[in-house]
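Remarks on the overall topology
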Amino acid sequence: MPERTIRLVRDGFPGRMSLDTAVSRVLLGDADRGSRPETLRLTIPGRSIAFGKHDVSTRGFSTAVAAARAAGFEPFVRLAGGRAAAFHEGTVAISWVVPVESPIEGIRTRFAAVANVLVDALGSLGIEAGIGAVPGEYCPGDFSIHVGTAKVAGIGQRLTRSAAHIGGVIVVDGAGDVRNALVPVYEALGLEWDPATVGALVGSSPGLRPDTVIDAIVTRLQEEFVVEEASLSADTVAAAEALMTQFAVASDRSTAETSAMNIVLINGPNLNLLGTRQPEIYGDSTLADIESACVSWAAEAGATLDAYQSNHEGDIIDRLHRAKDEADGVVINPGAYSHYSYAIRDAIEAIEIPTVEVHLSDITAREEWRRHSVVAEVCAKTIYGRGVDGYREAIRFLTTGET
């Protein structure tokens, strides 16, 4: 008997894709806290365009949103990364939440595992599919699913401290609808691509339906895992309704007001002295230099960043608490507090936001008391000894999941 159990949910909200995405965010948060087992949702979505965080910060985003609506597609902001992708009633939406101790370590392994499940399921339907990017494809990725030179499915990933979400779309029918919707959207975003790369599974299996593809995926999973059918609880839906504005794109909101990823940067005690304090250890860059660079790096990644510094433990904790309602991620250099502030550690754990700990110097090669960080165990990642570039790595990790 297989030991791994996957809870299968077929509940979706095809007419309210921002709510559907918020449901995935709630499930991911539950898994991150350890209160949710591995859960896979396979649904048939409504006509919609899922915009990535990079799209939201692009100059032409408002025009792209208008183009999506003109084509009859609801715009919303996706949970995972990537570029704009189209959903409709001829597609299958994938939302797979996996509790995992160190999600960053298994990014490509999870991508490959999900892609292989999809390829196997399609194979059972007589469709020979491959894994890999298609030159000129929309929302490009190394783990796209293709039939010949046409992309038929794509997947992306979002990480928290102790869980991962793999989201994606399979185009079963209606490749023309996807193509026609994305052409003006990608033009508005200034993205080059080849519309001819959009494909659908019916090209290889005429008459194929989305529910048949869902059944094939479930059958494939049952060969290896225990699959338990389940439904969304009223509490989960209510929690999602409270979050759905984070993923909605209202017609009266400007690009700057949409749901771009927001990062809070917190620097702790004595870091206001950077540039003059032991430059042989901490470098010549001032705090202002670092904050300015971080704002630029975040902008390049399609995110916004708010910088904060304090020499006081309580103030840092208060800023962390405010971040719970403001931010999608935190970069923190707690300074010496890293080594003994269980109060800051508990605050990081309580806010349930992906947090990256950064140290300019290699703390493992310094005095004995500096070698242990009490906050590291509640952070998604700890970066040390990389100088100022460590902050850039932290921002890249939060915005892309890459190290």
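To be clear, the structure that these remarks concern was listed above.
The structure reproduced in this document is the subject of the present report. It should be emphasised that the depicted structure is a prediction, and the values quoted were computed from it without experimental measurement.

1. Description of the pattern of salt bridges
- As enumerated under the stated definition, the model contains 24 salt bridges in all.
- In this structure, E38 engages R4 in a salt bridge whose closest nitrogen and oxygen atoms are separated by 2.6 Å. Taken as a pair, E38 in the loop between helix 1 (17-33) and strand 2 (39-43) and R4 in the segment before strand 1 (5-9) lie far apart in primary sequence, 34 residues in all.
- The class for R4 is partly exposed, based on a relative accessible area of 38%.
- For R370, the salt bridge goes to E367, with nearest N and O atoms at 2.8 Å.

2. Quick look at the pairing of strand 9 (residues 150-159)
- Within strand 9, 10 of the 10 residues are buried, which leaves it mostly tucked inside the rest of the structure.
- Bridging between strand 8 (residues 145-147) and strand 9 involves three bridges; their strand directions are antiparallel. Note that in strand 9 the partner of V147 across the bridge is A150.
- If you look at the hairpin formed by strand 8 and strand 9, you'll find two residues sitting between the two strands, and G148 has a positive phi there, around 65 degrees.
- By the bridge criterion, seven bridges tie strand 9 to strand 10 (residues 163-171) in an arrangement that is antiparallel.

3. What to know about unusual backbone geometry
- The backbone of C139 sits at a positive phi, close to 40 degrees, despite the residue not being glycine.
- The topology assignment puts C139 in the loop between strand 7 (130-131) and strand 8.
- According to the relative accessible area criterion, C139 is buried, its value standing at 11%.
- Notably, N270 is not glycine yet its phi reads approximately 75 degrees, a positive angle.
- Within the element layout of this structure, N270 appears in the loop between strand 12 (261-267) and helix 8 (279-282).

4. Some details on the packing of aromatic side chains
- Inspection of every chain in the model, using the stated rule, returns six aromatic pairs.
- Seen in terms of ring centroids, Y138 and W193 are 6.1 Å apart; in terms of plane orientation they differ by 80 degrees. Their pairing is edge-to-face. Highlighted residues: Y138 in the loop between strand 7 and strand 8 and W193 in the loop between helix 5 (175-189) and helix 6 (210-222), separated in sequence by 55 residues. Taken as a pair, Y138 and W193 share a single burial class, namely buried.
- Three or more aromatic residues joined by ring pairs form one cluster here, namely Y138, Y186 and W193.
- Sitting over the ring of Y138, K151 keeps its end group 4.8 Å from the ring centre.

5. Describing the sheet that holds strand 15 (residues 355-359)
- With parallel pairing, the five strands of this open sheet are ordered in space as 13-12-14-15-16. Two strands close off the open sheet at either side, each with one partner strand: strand 13 (303-309) and strand 16 (381-384). Each neighbouring strand pair of the sheet contributes to a mean axis angle of 20 degrees, computed without reference to strand direction.
- Across four bridges, strand 15 lies against strand 16 in parallel orientation. Bridge assignment links V358 to a residue of strand 16, and that residue is I383.
- Along the sheet, helix 10 (residues 313-326) contacts strand 12, strand 13 and strand 14 (329-333); its crossing angle with strand 12, the most-contacted strand, is approximately 175 degrees.

6. Focus: the sheet that holds strand 5 (residues 85-87)
- Strand order in this open sheet of three strands is 4-3-5, and the pairing throughout is mixed. Bordering the open sheet on either side are strand 4 (74-77) and strand 5, each of which pairs with just one other strand. Here the strands of the sheet are splayed against their neighbours by 30 degrees on average, with no regard to which way each runs.
- Here three bridges tie strand 3 (residues 48-51) to strand 5, and the two strands are oriented antiparallel to one another. Each bridged residue has a counterpart across the sheet, and for S48 the counterpart in strand 5 is F87.
- Each of strand 3 and strand 4 touches helix 1; the most contacted strand, strand 4, lies at about 25 degrees to it.
- Strand contacts of helix 5: strand 3 and strand 5, with the helix running at about 40 degrees to strand 3, the strand carrying the most contacts.

Scoring rules and cut-offs
- Residues numbered from 1 in each chain as written.
- Predicted model: local features only at pLDDT ≥ 70, side-chain atom pairs only at ≥ 80, totals over all residues.
- Heavy atoms only, no water.
- Salt bridge = Lys/Arg side-chain N within 4 Å of Asp/Glu carboxyl O.
- Helix = DSSP H or I, 4+ residues; strand = E, 2+ residues; numbered from the N terminus.
- Buried < 20%, exposed > 50% of the residue type's maximum accessible area, 1.4 Å probe, protein only.
- Pairing = 2+ DSSP bridges.
- Phe/Tyr/Trp six-rings, centres within 6.5 Å; stacked < 30°, edge-to-face > 60°.
- Lys NZ or Arg CZ within 6 Å of the ring centre and 35° of its normal.
- Axes fitted to C-alpha atoms, helices over the stretch in contact; angles between N-to-C directions.
- Contact = heavy atoms within 4.5 Å.

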